[in-house]
Amino acid sequence: MHCRYFEAGECRSCALIETPYAAQLAAKAARCRALLATVPEEAWLPAFASAERGFRNRVKLVVGGTSGPRGRVTLGILGPDGRGVDLRECAIQSPGIAAVLPDLAAFLESTGLPPYSVPERRGELKFVHVTISPDDELMLRFVVRSERALDVLRSRLDQLRRLVPRAAVISVNLLPEHKAVLEGEREVPLLGSSLTMRLGSPERPLALHLRPQGFFQTNTAVARELYAQAAEWVQEADPRSVWDLYCGVGGFALHVAGVGAGSGAGGADARAARAVLGVELSGAAVESARRSAREAGLDASFVAADATGFALASTREEQPELLIVNPPRRGIGAQLAGWVEGSAIRRVVYSSCNPESLARDLVAMPAYAVREARVFDMFPHTTHLEVAVLLERPS
């Protein structure tokens, strides 16, 4: 795919962008097969491809350049010299995000707040995070250095809402320290509380609620297919109970709660027959998941707890028939993998953004065989991917 930023050497984030997309996808599938060498060839389902451009529903942009009447703010990344490189025409971001970036740049220029200079360690504006929902609503987050910048942005909220009428959520994040992170701990809401991410299907719609500091997959179309695949595996297994560890805002748990136990039909009576429990460390994410369950009329419960600690504290009688895990890049780790290995759990759906850690965790769970596996290209033009496997204890 053509990218003028890549060709000019201004941005190399999409390291594979000049490789034909079919070759990228084939290489990712081959890499997973090599890393997960014990998975039978017949277990691999066809890889799910992404759109090549316009697929990112979230961007985290460095604010650079200058502000003021004659200034020009850049929105993009930092160059080798620590200065801002403008990437507002980046081809992989959603068209809805690209359309609003000129207005955001103009707004920031009008505030007179200086962009933060990394080499000089001074300035106010650090990052702008923009997320777009399937309904084309926006979440805008401004990461700034001080209370002064917060006050300026708060005083200009009406101006910002006129410039970006599709903004449903606006917040300011305080990051006073000089360090290589994308946000601080303190988030100040200016408008709204959560962005509605409508997924599911026309027959079974589902609204997930994303808060400013929450996590959501960056590729909505691929996330939708990933959740659908997990729901299909659960429907086939037809367990009476499911745990979703590292559940976030409830994506997997809520999708499988809509798949009926006993009949596979997903009717109201069948839904109530399956006990679905999500476990997530973030209390805010748990509240969002509970709200989604209420709105959809789904019988799913959520608790705020550490996934490993929750599992280790459970009794054998409390263990579910089927377990879903969607851990961070480090994987579930030796302790939780050992617990799963010694459990009575019949099947495990493991969704991983890092096939290396998945491979390590599978070695620690030899009692399970991979029944099916599938690659999901969540991150085109990079070596990153999502891979999901269905594990089963042989009878």
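Above this text is the structure in question.
Nothing here was measured: the structure is a model prediction, and the numbers come from that model. (Residues numbered from 1 in each chain as written. Predicted model: local features only at pLDDT ≥ 70, side-chain atom pairs only at ≥ 80, totals over all residues. Heavy atoms only, no water.)

(A) Local environment of the sheet that holds strand β7 (residues 186–191). On the basis of which strands lie adjacent, the open sheet formed by seven strands has the order β3-β2-β1-β4-β5-β6-β7 and mixed pairing. Each end of this open sheet is capped by a strand with a single partner; those strands are β3 (84–86) and β7. Neighbour to neighbour, the strand axes of the sheet diverge by 35° on average, direction disregarded. As paired strands, strand β6 (residues 167–174) and β7 are joined by five bridges and run antiparallel to one another. Paired with serine 171 across the bridge in β7 is proline 189. (Pairing = 2+ DSSP bridges. Helix = DSSP H or I, 4+ residues; strand = E, 2+ residues; numbered from the N terminus. Axes fitted to C-alpha atoms, helices over the stretch in contact; angles between N-to-C directions.)

(B) Region of interest: the side chain of threonine 131. When you line up the elements, threonine 131 lands in strand β4 (residues 125–132). Under the relative-accessibility criterion, threonine 131 is labelled buried at 4%. When near neighbours in sequence (up to four residues on either side) are disregarded, threonine 131 contacts Asn57, Arg58, Glu137, Leu138, Met139, Leu195 and Leu210. (Buried < 20%, exposed > 50% of the residue type's maximum accessible area, 1.4 Å probe, protein only. Contact = heavy atoms within 4.5 Å.)

(C) Focus on the environment of alanine 300. Tracing the backbone shows alanine 300 in strand β12 (residues 300–304). Once the C-alpha coordinates of alanine 300 and tryptophan 243 are considered, the two residues, 57 residues apart in sequence, prove to be 9.8 Å apart. Those residues within four positions of alanine 300 in sequence are excluded, and the remaining contacts are Leu254, Ala257, Val276 and Ala293.

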